[in-house]
Amino acid sequence: MKFIYAYLTFNGNCREAMRYYQECFGGKLILQTINKSPLSARMPAKMKACILHAELRNKEMVLMGTDIVSESGLHKGNQVSLLLNCKDKGEFESRIDQLTAMDKRSYQNVRPGTRMTGITDKFGVNWVLYLEGK
């Protein structure tokens with residue numbers, strides 16, 4: 001069964017927000033900083049402690065987040081995205097083609113074998129496509 005997850009974008013306070021949500025909802029929180037990812041070499045020093053990927057899981061929900069903001073900045077309308085966890089490379093590629101309209105960003109390798117990309121569809125809805133390394 002497929003699930004669509006909420007993916008929140010913060011402006012440097014992802015760690016604080018996700019810890020707050022953990023206090024509210026309980027569950028296990030995983031925080032991956034930029035300095036522990038392949039993106040680290042391309043990021044300015046001030047960004048290295050920021051959160052690349054956060055994941056809060058409990059029995060009822062999965063909430064994800066990041067401090068990575070697009071070039072257009074963080075503004076009303078792009079703080080929440082829908083995340084689709086793809087089953088394989090074929091689905092990842094076809095979903096990119098199906099959803100692409102206004103904005104297609106190159107995918108990032110957030111850790112070896114794992115791909116992630118952001119897309120804005122023709123209705124202005126932000127999507128994150130995610131493929132866990134197998």
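Structure: above.
Residues numbered from 1 in each chain as written. Predicted model: local features only at pLDDT ≥ 70, side-chain atom pairs only at ≥ 80, totals over all residues. Heavy atoms only, no water.

## Section: the pairing of strand E1 (residues 4–9)
As paired strands, E1 and strand E5 (residues 80–85) are joined by five bridges and run antiparallel to one another. Across the sheet, Tyr5 pairs through a bridge with Leu83, a residue of E5. Sheet topology places E1 next to strand E4 (residues 62–66); four bridges connect them, and they run parallel. In the strand pairing of E4, Leu8 is matched with Gly65. (Pairing = 2+ DSSP bridges. Helix = DSSP H or I, 4+ residues; strand = E, 2+ residues; numbered from the N terminus.)

## Some remarks on the nonpolar core
One finds Leu8, Phe10, Cys14, Ala17, Met18, Leu29, Ile51, Ala54, Leu56 and Leu63 forming the largest nonpolar core, which totals 10 residues. Looking at this core, the elements with two or more residues in it are helix H1 (14–25) and strand E3 (51–57). Filtering out sequence-adjacent residues up to four positions away, Cys14 remains in contact with Ile51, Ala54, Gly65, Thr66 and Asp67. (Core = buried A, V, L, I, M, F, W, Y, C linked by side-chain atoms within 4.5 Å. Buried < 20%, exposed > 50% of the residue type's maximum accessible area, 1.4 Å probe, protein only. Contact = heavy atoms within 4.5 Å.)

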